[in-house]
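The lines below spell out each chain.
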Amino acid sequence: MTQRHAQRSLALLLPAILILALAMSFVGFKVSEDTSIARLAERGRQRLDLYETSLEREIDKYAFFPATLGLERDVVDLLVNGGEEQASRINNYLAELNKRAGSLSIYLLSSSGHVVATSNWNQPDSFLGEDLSYRPYFRDALAKQTGRFFGIGTTRSQPGYYLSSPILADERLLGVAVVKVSLEQLETSWSTVEAPVLVTDENGVVILASVPSWKFTTLTPLSEERRSELAQSLHYNARPLPPLGLQSQGNVSSEKAEIVQLVRPAAEEPHTFPIYGVFLAQSAPLKGTNWRLTVLSPFGDLRTMAWLNAALAAAGGVILCIASVALYLRRLRQWERLRAREALQRAHDELERKVEERTRTLKEAQEELVHAGKLAVIGQMSAGLAHELNQPLAALHTLSDNTVKFMQRGMLEEAGSNLALISDLVTHMGTLTSQLKSFARKSSGKPRPVNVRRSLENTLFFLNRRLSQRSIRPEINVEPADLSVLADSNRLEQILVNLVANALDATEGVEAPRIGLSARMDGDRVFIEVRDNGPGFGENERERLFEPFFTTKDSGGGLGLGLAISAGIARDFGGSLSAANLTEGGALFVLDLPLATASENVDA
Ligand code: ADP
């Protein structure tokens, strides 16, 4: 990856991480809030059920009162017949009953809605004789229904819950029995509440609340019209009915609940539960009334927890992202390393192939060089060879001429012996040319067992003319006689011809020139030695003998390739060629080659 590439990837990565973190925090917040709200709603429902039953039980305690009054014969008698005495008795009875029941007041209305008897008959605020036909519970009784009504008393302004029951005789309304219960009495059932709870009536006015200051407030602001209506009916006895200040923050449809907020009140009352902040509001209608019970479950640190979880989710997201990027980068690096290794392998293979190709070319070049060296030797020998062939040719010429003459004269015997001589000469020439041919041919180079003695003899044969010109008869000393080396006969002879030719050159001008050839065996090695009594070589020369083109001979005398090629051939067969000065004067060349075992076929 290039640096620019990496920078671009990073520039894309950072916003991606940011988006992911935001998304994760949103999801984290949502999930946390939703589950917490669900838990809160579940608790709220349980509270709602609990408060509802306790409130209903409390109301039911008084519910049967008005109905039972209708069963009292004295009561019915008073309603039907009236009478001072009867009224006074019932008044006392109701006062006693009210005291025992702990209700605010119990009273009887006539069919016209006038109070005919009341528990508070002897109180200053007694409403005996008052016309209460305008009260809703009276109207309910006219419709022959039991009535339930929350209202504020007109005389003492005392809020209360009115329970009424029509008193009937043969479907005819005789009167109405009413019991008024104090709100405080109902509220006693809430002594154990853990969260704010309130009851609103049909007008949305809070009539019961676990927080006293909430009483006579409205959940939703009342219209002016409704407000004046209520003022006229003295329903709340001209109370101002301010709004509670509940602000909706939206519905939780899955829970049938609403999130609401209450602002902090100016004067705080001590409470066991929070009375401002964010709440989950859940409400349910109260059976047998037009009232609704509402429980406000405080959110508490629900939102803080949700934010915390959002932050955790975001951090988790970022860590996850960074971890995956790190993993991706590692993979990328591994992949790149793999690719680099592959490329290296390819380069290596290519190099190997090239080396092989070059080696082959070099080998071919070397072959050519060896061959060229050989041809150079032949070139050097050509004068001798021409002489070698000219002599028998001249003899053949004379002999054939003589044979013709002998035959013309009928001297068949002489002619026959001449022909025999001719045949010998031809055989000799054939041997010479075939030797030359075999020396000149390109050899396979494959190592095969070669008889050392025969190779040495062949060498001398090639150089026969030069040797005999100089009257040198080299000794051949091979021990054991059938010693064989693992080489190629042609190449071995090429080395030997080189060495002996050099010895001939070196002994030029020496008074009694000597050349010695010997071969011995040492373990699995064979050492072939060529020695002469020439001048040997100086120290500088000896070091450079095997360098190509090193020669001390005059121009045209030598190319300086003979020893270099010979040493190369020896190396090819797993051997070596070395040179040393002999102590008694002269040079010694030692050719070291591997021994051929007896099992291998011996090459000529
Ligand atoms: P060239 O014969 O063409 O010079 P060679 O590689 O065969 O090339 O020989 C290199 C040189 O080694 C010769 O020029 C000569 O100086 C030296 N040399 C070779 N053989 C002998 C020897 N037997 N005695 C002394 N010097 C020798």
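Below is a short write-up of the structure. (Residues numbered from 1 in each chain as written. Predicted model: local features only at pLDDT ≥ 70, side-chain atom pairs only at ≥ 80, totals over all residues. Heavy atoms only, no water.)

1. A look at the overall build of the protein chain
So, step 1. Assigned secondary structure in the protein chain consists of 13 helices and 18 strands.
So, step 2. For 604 residues, the compact-globule estimate of 2.2 N^0.38 gives 25 Å, and the protein chain exceeds it by more than 25% at 70 Å.
So, step 3. A burial count over the protein chain gives 42% of its 604 residues as buried.
So, step 4. A separation threshold of at least 6 residues defines the contact pool for the protein chain, and within that pool the share at least 24 residues apart is 62%.
So, step 5. In the protein chain, the 64 positive side-chain charges and the 71 negative ones have mean positions that sit 2 Å from each other. (Helix = DSSP H or I, 4+ residues; strand = E, 2+ residues; numbered from the N terminus. Rg over C-alpha atoms; globule rule 2.2 N^0.38 Å. Buried < 20%, exposed > 50% of the residue type's maximum accessible area, 1.4 Å probe, protein only. Contact = heavy atoms within 4.5 Å. Lys, Arg positive; Asp, Glu negative; His and termini not counted. Charge placed at Lys NZ, Arg CZ, Asp CG, Glu CD.)

2. As for a nonpolar patch on the surface
So, step 1. Taken together, the side chains of Phe26, Val27 and Val31 define a hydrophobic patch exposed on the protein surface, amounting to about 290 Å² of accessible area.
So, step 2. Counting through the fold element by element, valine 27 comes out in helix α1 (residues 3-69). (Patch = residues over 30% accessible without salt bridge, like charges linked within 9 Å, V, L, I, M, F, W, Y side chains within 5 Å. Areas by Shrake-Rupley, 256 points an atom, 1.4 Å probe, with all protein chains shown as cover. Salt bridge = Lys/Arg side-chain N within 4 Å of Asp/Glu carboxyl O.)

3. Considerations on the environment of glutamate 33
So, step 1. Among the structural elements, glutamate 33 can be located in helix α1.
So, step 2. The sequence separation of glutamate 33 and alanine 306 amounts to 273 residues, and the corresponding C-alpha distance is 5.4 Å.
So, step 3. Residues within four places of glutamate 33 in sequence aside, it is in contact with Leu302, Arg303 and Ala306.

4. A word on the layout of surface pockets
So, step 1. Here the largest pocket is characterised by a volume of approximately 680 Å³.
So, step 2. The wall of the largest pocket is formed by 34 residues, among which Asn502, Asp505, Thr551, Lys553 and Leu563 lie closest to the centre.
So, step 3. Of all the secondary structure elements, the ones that give two or more residues to the lining of the largest pocket are α7 (302-408), α11 (489-506), α13 (562-572) and β18 (587-594).
So, step 4. In terms of residues, the lining of the largest pocket owes the most to one element, α11, which gives nine residues. (1 Å grid on protein atoms, 1.4 Å probe; cavity = no way out; pocket = protein on both sides within 12 Å on 5 of 7 lines; lining within 4 Å. Points joined across faces, edges and corners; volume = space filled by probe spheres on them.)

5. Quick word on the packing of aromatic side chains
So, step 1. Applying the stated criterion across every chain, the model contains eight aromatic pairs.
So, step 2. With 5.2 Å between their ring centres and 15 degrees between their planes, tyrosine 137 and tyrosine 162 make a pair best called stacked. Note that tyrosine 137 is positioned in helix α4 (residues 136-142) and tyrosine 162 in strand β4 (residues 159-169), a separation of 25 residues in sequence. Assigned by exposure class, tyrosine 137 and tyrosine 162 land together as buried.
So, step 3. Considering the side-chain rings of phenylalanine 461 and phenylalanine 462, the 6.4 Å spacing of their centres and the 65 degrees angle between planes classify their relative orientation as edge-to-face.
So, step 4. Aromatic rings pair up to connect Tyr62, Phe64 and Phe65 into one cluster. (Phe/Tyr/Trp six-rings, centres within 6.5 Å; stacked < 30°, edge-to-face > 60°.)

6. So, the site of the ligand
So, step 1. Inspection of the region around the ligand gives 18 residues, with Asn502, Asp532, Thr551, Thr552 and Lys553 positioned closest.
So, step 2. In the environment of the ligand, an oxygen atom lies 2.5 Å from a nitrogen or oxygen atom belonging to the side chain of threonine 551.
So, step 3. Glycine 562 places a main-chain nitrogen or oxygen 3.5 Å from an oxygen atom of the ligand.
So, step 4. Here the ligand loses 94% of its free accessible area of 530 Å² to cover by the protein chains. (Near = heavy atom within 4 Å. Polar contact = N/O pair within 3.5 Å; in protein donor to acceptor, adjacent residues only side chain to side chain.)

7. Observations regarding helix α9 (residues 452-462)
So, step 1. Buried within α9 are the following residues: Val452, Ser455, Leu456, Asn458, Thr459, Leu460 and Phe462.
So, step 2. Between the side-chain oxygen of the N-cap and the backbone nitrogen of arginine 453 there are 3.0 Å, and the N-cap of α9 in question is asparagine 451.

8. Let's talk about the sheet that holds strand β7 (residues 206-209)
So, step 1. Strand order in the open sheet formed by six strands is β7-β6-β11-β10-β9-β8, with antiparallel pairing between adjacent strands. Whereas interior strands pair on both sides, the edge strands pair on one side only; in this sheet they are β7 and β8 (246-252). On average, adjacent strands in this sheet sit at an angle of 30 degrees to one another, irrespective of strand direction.
So, step 2. Inspection of the sheet shows strand β6 (residues 197-200) paired to β7 by three bridges, in the antiparallel sense. (Pairing = 2+ DSSP bridges. Axes fitted to C-alpha atoms, helices over the stretch in contact; angles between N-to-C directions.)

9. A closer look at the packing of helix α2 (residues 73-81) against helix α3 (residues 84-101)
So, step 1. Relative to each other, α2 and α3 sit at 140 degrees, their axes nearing to 10 Å. On the basis of the axis angle, α2 is oblique to α3. As for how α2 packs across α3, the hand of that crossing is left-handed. Contacts from Asp74, Val75, Asp77 and Leu78 of α2 reach α3 at Gln86, Ala87, Arg89 and Ile90. (Parallel < 35°, antiparallel > 145°, perpendicular 65-115°, else oblique. Left-handed = near helix turned anticlockwise from the far one by under 90°.)

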